[in-house]
Every structure is written in structure tokens, then in C-alpha cells.
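# Summary of structural features
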Amino acid sequence: MKYIKETKILVKLLLLGLLTILLFSCIFYLFDREHFNGIDEENEQKYKFFHRFYFTLTTLSSAGYGDITPKSMPVKIIASILQFILIISLMSGLVTFCE
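I will try to describe carefully the structure that is included in this document. (Residues numbered from 1 in each chain as written. Predicted model: local features only at pLDDT ≥ 70, side-chain atom pairs only at ≥ 80, totals over all residues. Heavy atoms only, no water.)

Further remarks concern the packing of aromatic side chains. A full pass over the atoms with the stated rule returns six aromatic pairs. Centroid distance Y29 to F49: 6.2 Å. Interplanar angle 55°. Geometry classified as tilted. A residue pair is termed long-range when its members are at least 10 positions apart, and Y29 in helix 1 (residues 2-29) and F49 in helix 3 (residues 48-60) qualify at 20 residues. On the basis of relative accessibility, which here comes to 37%, the residue Y29 falls in the partly exposed class. Ring geometry for F50 and Y54: centres 6.4 Å apart, planes at 25°, overall stacked. Of the two residues, F50 and Y54 both sit in helix 3, four residues apart, roughly one turn of that helix. Owing to a relative accessible area of 23%, Y54 belongs among the partly exposed residues under this scheme. Across the ring face of Y29, the terminal group of K48 is positioned such that the distance to the ring centre comes to 4.6 Å. (Phe/Tyr/Trp six-rings, centres within 6.5 Å; stacked < 30°, edge-to-face > 60°. Helix = DSSP H or I, 4+ residues; strand = E, 2+ residues; numbered from the N terminus. Buried < 20%, exposed > 50% of the residue type's maximum accessible area, 1.4 Å probe, protein only. Lys NZ or Arg CZ within 6 Å of the ring centre and 35° of its normal.)

Okay, structure coming up:
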């Protein structure tokens, strides 16, 4: 019974994480390459969603390689919100772990 409960929690966390990544990828998709540093015009149309997905994933994971960075203020604000979500998630995990 405990195994089933833990599996359900894990599935919920995975779905929430995937939903968050896809949501922010779609939000960043609304901005053209002029709002980002590091995205060349040649591959923009072919890999537009992948570039936004990659940026979201590296920002949310705090890896932040720096190859794609926000240029405009709206994208910087949205990226900051994404980083804030990461910080809150880490802190809530630490609080839960310490209980």
C-alpha cells in the first residue's frame, strides 16, 4: 500500500514538472529570437520550440549554461519567475526533509 502511495506522488510530481516546463516553453515561444541572445536566425524557425524548451529546462534546473540568455525585459521577468519557482521548490523540499 505504501508503494502505491509513493508511486502516485512520484507520478504527480513528474507530471507537474513536465507541465511547468511545457507551459514556460510555450510562453517563451511567443517571443521571437530578438528577445534572446544566442539564437541565430538560420535555425530559428526550424528549432524554435526546441530552443525555448532548452532555455526553460536550463533555467529551471539552474544549470544556466549561458549559451541562450534573455535579452528583453519581458523575457527576463518571466525567466526570473521561473527561477523563483525553482527556489521555492527547493526550499519546500528542504523543509519537508527536515520535518
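In the structure shown here, the tally under the stated rule is three salt bridges. It is possible to trace a salt-bridge network through shared partners that takes in R33, E34 and E41. (Salt bridge = Lys/Arg side-chain N within 4 Å of Asp/Glu carboxyl O.)

Next up on the list: the side chain of E44. For E44, the location among the structural elements is in helix 2 (residues 41-44). Look at E44 and you get buried, because its relative accessible area is 4%. Ignoring sequence-local partners within four residues, the contact set of E44 consists of D32, R33, I39, H51 and R52. (Contact = heavy atoms within 4.5 Å.)

Glancing now at a nonpolar patch on the surface. Taken together, the side chains of L18, L22, Y29 and F49 define a hydrophobic patch exposed on the protein surface, amounting to about 340 Å² of accessible area. A total of three residues in the nonpolar patch trace back to one element, the largest contributor, which is helix 1. The residue L18 is located in helix 1 in this model. Overall, the relative accessible area of 44% leaves L18 in the partly exposed class. (Patch = residues over 30% accessible without salt bridge, like charges linked within 9 Å, V, L, I, M, F, W, Y side chains within 5 Å. Areas by Shrake-Rupley, 256 points an atom, 1.4 Å probe, with all protein chains shown as cover.)

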